[in-house]
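Here is what each chain is made of, one letter per residue.
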Amino acid sequence: MATSEIMIDNIRTRVTRWAFEIGEDTGQHIHEYDYVVVPMKDGQLKIVDEDGGVLISDLTEGKSYYRDKGANHNVINHNNFPFSFVEIEFK
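Definitions and cut-offs
Residues numbered from 1 in each chain as written. Predicted model: local features only at pLDDT ≥ 70, side-chain atom pairs only at ≥ 80, totals over all residues. Heavy atoms only, no water. Helix = DSSP H or I, 4+ residues; strand = E, 2+ residues; numbered from the N terminus. Rg over C-alpha atoms; globule rule 2.2 N^0.38 Å. Buried < 20%, exposed > 50% of the residue type's maximum accessible area, 1.4 Å probe, protein only. Contact = heavy atoms within 4.5 Å. Lys, Arg positive; Asp, Glu negative; His and termini not counted. Charge placed at Lys NZ, Arg CZ, Asp CG, Glu CD. Salt bridge = Lys/Arg side-chain N within 4 Å of Asp/Glu carboxyl O. 1 Å grid on protein atoms, 1.4 Å probe; cavity = no way out; pocket = protein on both sides within 12 Å on 5 of 7 lines; lining within 4 Å. Points joined across faces, edges and corners; volume = space filled by probe spheres on them. Nonpolar A, V, L, I, M, F, W, Y, C, P; charged D, E, K, R; others polar. Pairing = 2+ DSSP bridges. Axes fitted to C-alpha atoms, helices over the stretch in contact; angles between N-to-C directions. Phe/Tyr/Trp six-rings, centres within 6.5 Å; stacked < 30°, edge-to-face > 60°.

## Section: the overall build of the protein
So, step 1. Secondary structure summary: the protein contains 0 helices and 9 strands in total.
So, step 2. Walking the protein from its N terminus toward its C terminus, one meets helices and strands in the order β-β-β-β-β-β-β-β-β.
So, step 3. Compactness check: the protein gives a C-alpha radius of gyration of 12 Å against a globular reference of 12 Å for 91 residues, within 12% of the reference.
So, step 4. Principal-axis analysis of the C-alpha atoms places the extent of the protein at approximately 35 × 30 × 25 Å.
So, step 5. For the protein, buried positions account for 35% of its 91 residues.
So, step 6. Sequence separation of 24 or more characterises 70% of the internal contacts of the protein that already satisfy a separation of 6 or more.
So, step 7. Across the protein, the mean location of the 9 positive side-chain charges is 5 Å away from that of the 16 negative side-chain charges.

## Quick notes on the pattern of salt bridges
So, step 1. One pass over the full model with this rule turns up 3 salt bridges.
So, step 2. Across the pair Arg-14 and Asp-9 runs a salt bridge, and its minimum N-O distance is 3.7 Å.
So, step 3. Residue Lys-91 pairs with Asp-9 through a salt bridge whose shortest N-O separation is 2.4 Å. With Lys-91 in the segment after β9 (83–90) and Asp-9 in strand β1 (residues 3–9), this residue pair connects regions lying 82 residues apart in the sequence.
So, step 4. One network of salt bridges, in which partners are shared, links Asp-9, Arg-14, Glu-89 and Lys-91.

## Focus on the layout of surface pockets
So, step 1. Looking at the largest pocket, its volume works out to about 470 Å³.
So, step 2. Taken together, 29 residues line the largest pocket, and the ones lying closest to its centre are His-29, His-31, Tyr-35, His-73 and Glu-87.
So, step 3. Of the residues in the lining of the largest pocket, the class split is 13 nonpolar, 9 polar and 7 charged.

## Focus: the sheet that holds strand β7 (residues 65–67)
So, step 1. Strand order in this open sheet of 5 strands is β1-β2-β9-β4-β7, and the pairing throughout is antiparallel. Lying at the two open borders of the sheet, with one neighbouring strand each, are β1 and β7. For this sheet, the mean angle separating the axes of adjacent strands, direction not counted, is 20°.
So, step 2. The pairing of strand β2 (residues 13–20) with β9 spans 8 bridges and is antiparallel.

## Structural notes on the packing of aromatic side chains
So, step 1. According to the stated counting rule, one finds 1 aromatic pair in the structure shown.
So, step 2. Centroid distance Phe-20 to Phe-85: 5.6 Å. Interplanar angle 35°. Geometry classified as tilted. With Phe-20 in strand β2 and Phe-85 in strand β9, the pair connects residues that are 65 residues apart, well separated along the chain. Here Phe-20 and Phe-85 have matching classes, each one buried.

This is the structure:
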């Protein structure tokens, strides 16, 4: 299982650093808040949605992306090396 470290958690924002060893995942989860992800290195994540659909996401170090709340998925490290990103949630 991927590890998470909450770096900031206040009334407006939660910032979490996620770290994955090879093949580790977050487990299926639903996002309660809109969020931004900032990859810490180049790599790929395998995203499995609630219906079992699979998407391979190519990420670039420092290139952020935004998602609306309600995303329901499992995020898996699809690399042959450890991977991490920072997730910023807007409460």
